[in-house]
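Tertiary structure, described
Residue strings, one per chain:
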Amino acid sequence: MMSLLFRVFTFDSAFRPKIKTSTFIIIVSFYFGFILNYPIVSKVFELGKNVPDIWFPYTGPFVLFFAFIIVFSILTLPLILKPWYGFLFLSSALALYSIQEFHVLFDTSMIENVVETNVSEALFYLNVRSVLYFLIFGVIPTLLLVWVKVEFNSSIFRELVTRVILILLSCMFITVIAITTYKDYASVGRNNKYLNKMIIPAHVYDTYKYIKRNYLVKPLPYTSLGDDAQLKSTENGKPTLVVMVLGETARAMNFSDNGYSRDTQPYTKDLDLISFNDVSSCGTYTALSVPCMFSNMNRTDYNKAKANAQDNAIDIIAKANVETLWIDNDGGDKGVAHNTKLINIDAKSDRDLCNGNTCYDQVMLKPAEQFIKKDHKDKLIVLHTIGSHGPTYFQRFPPKLAKFAPWCNRKDIDQCTDQEITNVYDNTLVYTDFFLAQVIKQLQEHAQDYNVAMMYVSDHGESLGENGLYLHGTPYAIAPKEQKTVPWLLWLPEQYAKQKQIDRSCVKEEAQKLRYTHDNFFHSLIGLYGVDTKEKQTSLDLFSNCHV
């Protein structure tokens, strides 16, 4: 018996089934068409309820099946066959989990989001269900692939003829389906353009496009901006200290200041924060939104390569002889702090505030305090928070500060009830409010030495199960408001407002009635700090109408 098992697991040729490449292509195409693409097939069935032809939805998996035969007939090559399909199986299993469980849509933007994710963030998604998906739909097919012996035809001519026949037959069947159901496909496709982003393994092509765009293109020459930057003097002669808190995954509609029925801001309610209650983000994921909002580009013309090759808002403020510091607790500055002193929080640095993988945002206050005390010069501090980063929302706040129960305390949040998800997410916002109150307290302690102010803006929002969507990263054109509407808060003491000649009541009034976007952020941060430069557009500086 042991000898038999040894021969099987050492891939003895007597125990290895042999199949022709044509058979292999058909089997793999069936696997992708009928199994791995279950999410899009089920979606077609759902949309097919509104189509007169009752047979229309049933054609979906067959269209995919025949389309994959065409694609795999072209891409199935000797030498790289098994590594190539092994990669497809493993990556497609992860894509299936993301699409099925969180309704994630893959395009180059989502690939960028995945690539920018560090190991600690990736562990947020590690749970029993994700492992099972990976094992069942990725590892097992890959092991079968390794075990089976795929035989090519004895001559290149015969192999080519076989492939051509497969392609022609597939084209014929697709044509028949198109003739009978074209109007239905045109209607459904035109009204649901996101469907193509659900196809597995389209993520491979999007990965290629991402790599080509970011690594196979010659970098742009660096452009210096804001060389004319000058800081306006103040009457009291005190240096300026502004803390910019960069939020993570906070959505505006869950903030009390924006009309939310729950008290998610218990710690700052008496601190007279100004809330800009109608603000849209630049993107729906951190790797896009953060560099976009700090750049001088608008959302519609944002270009990552250009942003990386020029100065941003922090760089321009620094040119006015301002000391700048970026403290990061959210997996990286996304290239924004390339000219700035950067402190990345070590998740093992504080036993009380860290768990070895992540830390509560309070951990940033200590290095901030050291920077503030170092000397009394003009300073700008950016605190990049982990905020409400999911799906492990329960790790973002100390349980003793939780306000809403019961809350979801697991990674696979789709297994929690809607109320549990809302409760745990709202608890992250309560902790964010606690953190902001601590930042303000820290600034108040230095108000004798500095003119102090704080601004808080989130990078993007979050879906909590509305319309079946979870997390974020949905392509902007079809993303729901939950992922695109973000909080923008301002703590503006009278001393700071007076020294910077800002009418506080005017700002508060405009914050309630005007609409803003991340397009305003670059110009408003420079404007709030009191820096003059030709790079700042007055029309986009939300303080420009309120100067006295």
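No experiment lies behind these values; they were computed from the predicted model shown.

For the rest of this paragraph, the subject is the state of the cysteines. Under the defined criterion, the tally for this structure stands at four disulfides. Note that Cys506 is cross-linked by a disulfide to Cys546, the S-S spacing being 2.0 Å. Between Cys506 and Cys546, the disulfide has an S-S torsion of -65 degrees and is therefore left-handed. Of the two residues, Cys506 is situated in helix 18 (residues 504–513) and Cys546 in the segment after strand 15 (531–532); the sequence distance between them amounts to 40 residues. Each bonded cysteine in the protein gets a number by its place in the sequence, and the pairs come out as 1-2, 3-4, 5-6, 7-8.

In total, this model carries 21 salt bridges according to the counting rule given. Across the salt bridge formed by Arg251 and Glu466, the nearest N and O atoms sit 2.9 Å from each other. With a gap of 215 residues between them, Arg251 in the loop between strand 4 (240–247) and strand 5 (274–275) and Glu466 in the loop between strand 11 (463–464) and strand 12 (470–471) connect regions that are remote in the sequence. You can call Arg251 buried: its relative accessible area is 7%. What makes Glu466 partly exposed here is its relative accessible area of 24%. Arg262 is the salt-bridge partner of Asp426, the closest N and O atoms lying 2.9 Å from each other. With Asp426 in helix 15 (residues 418–444) and Arg262 in the loop between strand 4 and strand 5, this residue pair connects regions lying 164 residues apart in the sequence. Overlapping salt bridges, with partners in common, bring together Glu323, Lys374, Asp375, Lys377 and Lys379 in one network.

In this section: the UniProt feature "transmembrane region" (unreviewed entry) in the protein. UniProt feature "transmembrane region" (unreviewed entry): in the numbering of this structure it lies at residues 21–41, 61–80, 87–106, 126–148 and 160–182. With 95% helix and 0% strand, residues 21–41 has its two end C-alpha atoms placed 26 Å apart. Taken end to end, residues 126–148 comprises 87% helix and 0% strand; its first and last C-alpha atoms sit 30 Å apart.

This part is about the sheet that holds strand 4. With mixed pairing, the seven strands of this open sheet are ordered in space as 5-13-10-4-9-7-8. In this open sheet, the two edge strands, each paired with only one partner strand, are strand 5 and strand 8 (341–344). One ladder, built from four bridges, connects strand 7 (residues 323–328) with strand 8; its direction is parallel. Paired with Asp328 across the two strands is Asn344, which belongs to strand 8.

Viewed as axis vectors pointing N to C, helix 5 (residues 81–102) and helix 8 (residues 128–147) meet at an angle of 160 degrees, and their least axial separation amounts to 9 Å. When the interaxial angle is binned, helix 5 and helix 8 end up roughly antiparallel. In the crossing of helix 5 with helix 8, the sense of the turn from one axis to the other is right-handed. Judged by residue contacts, Leu81, Lys82, Tyr85, Gly86, Phe89, Leu90, Ala93, Leu94, Leu96, Tyr97, Gln100 and Glu101 of helix 5 engage Arg129, Ser130, Tyr133, Phe134, Phe137, Gly138, Val139, Pro141, Thr142, Leu145 and Val146 from helix 8.

Before going further, it helps to spend a moment on the side chain of Asp333. Tracing the sequence through the fold places Asp333 in the loop between strand 7 and strand 8. Of the side chains with opposite charge, Lys334 comes closest to the buried, unpaired Asp333, at an N-O distance of 8.0 Å. Those residues in contact with Asp333, other than ones at most four positions away along the chain, are Val290, Trp326, Asp328, His338 and Leu342.

Structurally, the position occupied by Asn355 is in the loop between strand 8 and helix 14 (365–374). Of the residues examined, Asn355 reaches a relative accessible area of 46% and is grouped as partly exposed. Residues Asn355 and Gln395 lie 40 residues apart in sequence; the distance between their C-alpha atoms is 8.9 Å. Non-local contacts of Asn355, meaning those with residues more than four positions away in its chain, are made with Ala347 and Gln395. A distance of 2.8 Å separates a polar atom in the side chain of Asn355 from the backbone nitrogen of Asn357.

Take helix 3 (residues 38–47) next. Among the residues of helix 3, Pro39, Ile40, Val41, Val44 and Leu47 are the ones counted as buried. Packing partners of the buried residues in helix 3 comprise helix 2 (21–36), helix 4 (56–75), helix 5 and helix 9 (156–191).

This paragraph deals with the packing of aromatic side chains. Here the structure, examined in full by the defined rule, presents 34 aromatic pairs. For the ring pair Phe102 and Tyr470, a centre distance of 6.4 Å and an interplane angle of 75 degrees mean the geometry is edge-to-face. Linking Phe102 in helix 5 with Tyr470 in strand 12, this pair joins segments that are 368 residues apart in sequence. In this pair, the class of Phe102 matches that of Tyr470, namely buried.

Next up on the list: the pairing of strand 13 (residues 488–491). The alternating pattern of strand 13 places Trp488 and Leu490 and Leu489 and Trp491 on opposite faces, both of which are buried. Taken together, the two bridges between strand 5 and strand 13 define a ladder with antiparallel strand orientation. Of the residues in strand 13, the one forming a bridge with Ile274 is Leu490. In this structure, strand 10 (residues 451–458) lies alongside strand 13, joined through four bridges in antiparallel fashion. The residue bridging Met454 from the neighbouring strand is Trp491, located in strand 13.

The UniProt record marks residues 241–531 with the feature "domain: Sulfatase N-terminal" (unreviewed entry), using the residue numbering of this structure. Span residues 241–531 is 30% helix and 16% strand, its end C-alpha atoms 13 Å apart.

Reading the values: rules and limits
- Residues numbered from 1 in each chain as written.
- Predicted model: local features only at pLDDT ≥ 70, side-chain atom pairs only at ≥ 80, totals over all residues.
- Heavy atoms only, no water.
- Disulfide = S-S within 2.5 Å.
- Helix = DSSP H or I, 4+ residues; strand = E, 2+ residues; numbered from the N terminus.
- Salt bridge = Lys/Arg side-chain N within 4 Å of Asp/Glu carboxyl O.
- Buried < 20%, exposed > 50% of the residue type's maximum accessible area, 1.4 Å probe, protein only.
- UniProt positions renumbered as here; feature names shortened; annotations may be inferred.
- Pairing = 2+ DSSP bridges.
- Axes fitted to C-alpha atoms, helices over the stretch in contact; angles between N-to-C directions.
- Parallel < 35°, antiparallel > 145°, perpendicular 65-115°, else oblique.
- Left-handed = near helix turned anticlockwise from the far one by under 90°.
- Contact = heavy atoms within 4.5 Å.
- Lys, Arg positive; Asp, Glu negative; His and termini not counted.
- Polar contact = N/O pair within 3.5 Å; in protein donor to acceptor, adjacent residues only side chain to side chain.
- Phe/Tyr/Trp six-rings, centres within 6.5 Å; stacked < 30°, edge-to-face > 60°.

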